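# Structure assessment
Read off the chains here:
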Amino acid sequence: MNLLKMKKIILILFIMIVPSWILAAPPTPWTQGAFQTQKYRNLFAEMGYSQSAIDAKLKEVFNDVFFGPNKVYFEVGDTMGYVSDIKNHDARTEGMSYGLMIAVQFGQKDIFDRLWRWSRKYMQHQSGPHEGYFAWSCKIDGTRNSDGAASDGELYFITALLFASNRWGNDTGIDYKAEAQRILRCTMPRELPVNPNAPTTGPFAQQGPQKSFLIDPETRLITFTPEGFGQRFTDPSYHIPAFYEVWARWADDGRSDFWLDCAARSRAYLHKVCHEVTGLNPDMSNYDGSPMPSWGNRRNGSSNFRYDSWRVPMNIALDYEWSCADGEWQRQYGEKIQNFFYSQGLNDFVDQYRVDGTLPSEDEILPAGGSGKALRHSIGLVATTAAASVMCSHDKSREFVDALWNAKHEPFADGYFDAYYDGLLRLFAFMHLSGNYRIIFPAAN
């Protein structure tokens, strides 16, 4: 065998053995988002996965959530359906609004309409002091576990309804835009009746006349809850600035400039709340980005990176993909947080940390769904750290994408399995990385 032929054989073997992402050119950072370009990256394709394999994988992950043996979507009669947090035996505005967003992204009008009818009938307050808001948790028969709202539900409900209006119009049985506008109208600041049972001392004490608001009037940042103690602080994972840009474009509520300012302030807040070295963010924070103090019998775990916090890398990635208004910082953030998790071991990092990157003490660990306290390598966090790859130029980002592709959503050794939160985040990440989490422009566009 001559030397030239041997070199060709070696080169062919190298190409066959080495992962395709090693041979691929590094991604070019974006300078414009999809609001301007209407273009989306397919990182799986860039890494060498075939389009047929990508389509099959996306369908498989979608079916796992909506139709498979571990599904979290259930239909009720001929017209309604709900998404259930199986381990907690309830339906939450988080899951219901996620379901709506996924349904409109996939063009699944029947699923969307079923979820909206269930949400409106059982969750949304049609009158009274909470009018327009949604009870954050209901039993699966529709009985409310709490009348109070969690602000991220409203955030997704509004955006998903506006996308539904753009995709299907408003004359097919549900006036999606009118429903979105009603929520927006009801979530602006308004006076609440005095609660005679409210505490007068301690952290939950009422401080003068009470108002209800989704967006804090002073900081223009989203509240943790629109009423009571929760309106005094925020949750980093509720910050999706690009959603406000959707409202500014298509809500037609006369407040476009206000929503654009909310988007800008939300981006500035994320700079403050994400740790400058690790990129990790607390579960909750004050409006200035400082950690929440302990209160009552709660330990300082609310200042740690844990379940809600997982969503932040994916949310920032969405803002980068759609708007790119803060692209330079977002690219730095994406690589920073991937560098941290990579340093913990790509297949070993756990799902709760202090924001400085140290492990929480046992009394800071938040249990999940009655499973007891444990730190796990949760697929939900594998998913969101992989979604951050759309912002990154370093080679590690490709390893995160591969790790998600190959991860199996199955029970842990102790039997713990989360079909709901892990499953939904996994699906969102596959939508991001395949270029299928998109701004839905009006159908005529």
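First things first, this report covers the structure right here in the doc. Numbers given to residues run from 1 along each chain, matching the order in which its sequence is written. The predicted nature of this model means local features are confined to residues of pLDDT at least 70 and side-chain atom pairs, given and counted, to a pLDDT of 80 or more, with totals for whole chains, interfaces and linings taken over all residues. Computation of side-chain values covers all heavy atoms of the structure but excludes hydrogens and water.

This next bit is on the overall build of the protein. For the protein, the helix and strand inventory stands at 16 helices and 7 strands. Counting all 445 residues of the protein, 56% fall into the buried class. Nonlocal contacts in the protein, meaning residues at least 24 apart in sequence, comprise 68% of its contacts between residues at least 6 apart. For the protein, the exposed area adds up to about 18,600 Å²; of that, 52% sits on carbon and sulfur atoms. We count a stretch as a helix when DSSP gives it H or I for four or more residues in a row; a strand needs E for two or more, and each element gets its number in order from the N terminus. In this scheme, a residue with accessible area under 20% of its type's maximum is buried, one over 50% is exposed, and one in between is partly exposed, where area comes from a 1.4 Å probe on protein chains only. Throughout, a contact is declared for two residues whenever any of their heavy atoms are within 4.5 Å. Computed by Shrake-Rupley with a 1.4 Å probe, the accessible areas treat only the displayed protein chains as cover when residues are assessed.

As a further point, take the pairing of strand β1 (residues 73–76). For β1 and strand β2 (residues 80–83), the ladder comprises 4 bridges, and the chain directions are antiparallel. Looking at the pairing, Tyr73 lines up with Val83 of β2. Pairing between two strands is assigned when DSSP locates at least 2 bridges connecting them.

Any Lys or Arg side-chain nitrogen located within 4 Å of an Asp or Glu carboxyl oxygen qualifies as a salt bridge. On inspection of all chains with the given rule, the structure shows 24 salt bridges. For Glu75, the salt bridge goes to Arg114, with nearest N and O atoms at 3.7 Å. On the criterion of sequence distance, the pair formed by Glu75 in strand β1 and Arg114 in helix α7 (residues 109–123) is long-range, its members being 39 residues apart. Look at Arg114 and you get buried, because its relative accessible area is 8%. A salt bridge links Arg182 to Glu131, with the nearest nitrogen and oxygen atoms 3.3 Å apart. With Arg182 in helix α9 (residues 176–186) and Glu131 in the loop between α7 and β4 (137–138), this pair connects stretches of sequence that are 51 residues apart. Take Arg182: its relative accessible area is 11%, and that puts it in the buried class. For Glu131, a relative accessible area of 29% gives the class partly exposed.

Moving on to the packing of aromatic side chains. The geometry of two aromatic rings is summed up by the distance between their centres and the angle between their planes. Any Phe, Tyr or Trp ring, taking Trp's six-membered ring, that has another such ring centre within 6.5 Å forms a pair; planes under 30 degrees apart are called stacked, those over 60 apart edge-to-face, and the others tilted. This structure, assessed with the given rule, holds 46 aromatic pairs. On the numbers, 4.1 Å between centres and 25 degrees between planes, the contact of Tyr49 with Trp405 is stacked. Of this pair, Tyr49 sits in the loop between α4 (43–46) and α5 (51–66) while Trp405 is found in helix α15 (residues 396–406), placing the two residues 356 residues apart along the sequence. For the pair Phe341 and Phe349, a centre-to-centre distance of 4.8 Å together with 55 degrees between the ring planes defines the contact as tilted. Our definition puts a charge over a ring when NZ of Lys or CZ of Arg is within 6 Å of the ring centre and also within 35 degrees of the ring normal. Geometry around Phe412 places Arg376 over its ring, the cationic atom sitting 5.6 Å from the centre. Looking at Arg376, its charged tip hangs above the ring of Tyr416, at a distance of 4.0 Å from the centre.

Here we take up the environment of Arg398. Turning to its location among the elements, Arg398 is positioned in helix α15. Arg398 sits in the buried class, given a relative accessible area of 5%. Spatially, the C-alpha atom of Arg398 lies 8.3 Å from that of Ala386, the residues being 12 residues apart in sequence.

All right, on to the packing of helix α10 (residues 241–250) against helix α11 (residues 256–273) then. Close contact between α10 and α11 brings their axes to 8 Å; oriented N to C, the two are set at 175 degrees. Considered as vectors, α10 and α11 are oriented roughly antiparallel to each other. Only Ser256, Trp259, Leu260, Cys262, Ala263, Ser266, Arg267 and Leu270 of α11 make contact with α10, whose side of the interface consists of Pro241, Ala242, Tyr244, Glu245, Trp247 and Ala248. Each residue receives one of three labels: charged for Asp, Glu, Lys and Arg, nonpolar for Ala, Val, Leu, Ile, Met, Phe, Trp, Tyr, Cys and Pro, and polar for the others, Gly being one of them. Partitioned by chemical class, the residues of the contact of α10 with α11 number 10 nonpolar, 2 polar and 2 charged. For helices, the fitted line uses only the C-alpha atoms of the stretch in contact; every axis is such a line through C-alpha atoms, and the angle between N-to-C directions lies from 0 to 180 degrees. Just so you know how the angles are binned, under 35 degrees is roughly parallel, over 145 roughly antiparallel, 65 to 115 roughly perpendicular, and the rest oblique.

Keep in mind that these numbers describe shape and distance, not what the molecule does.
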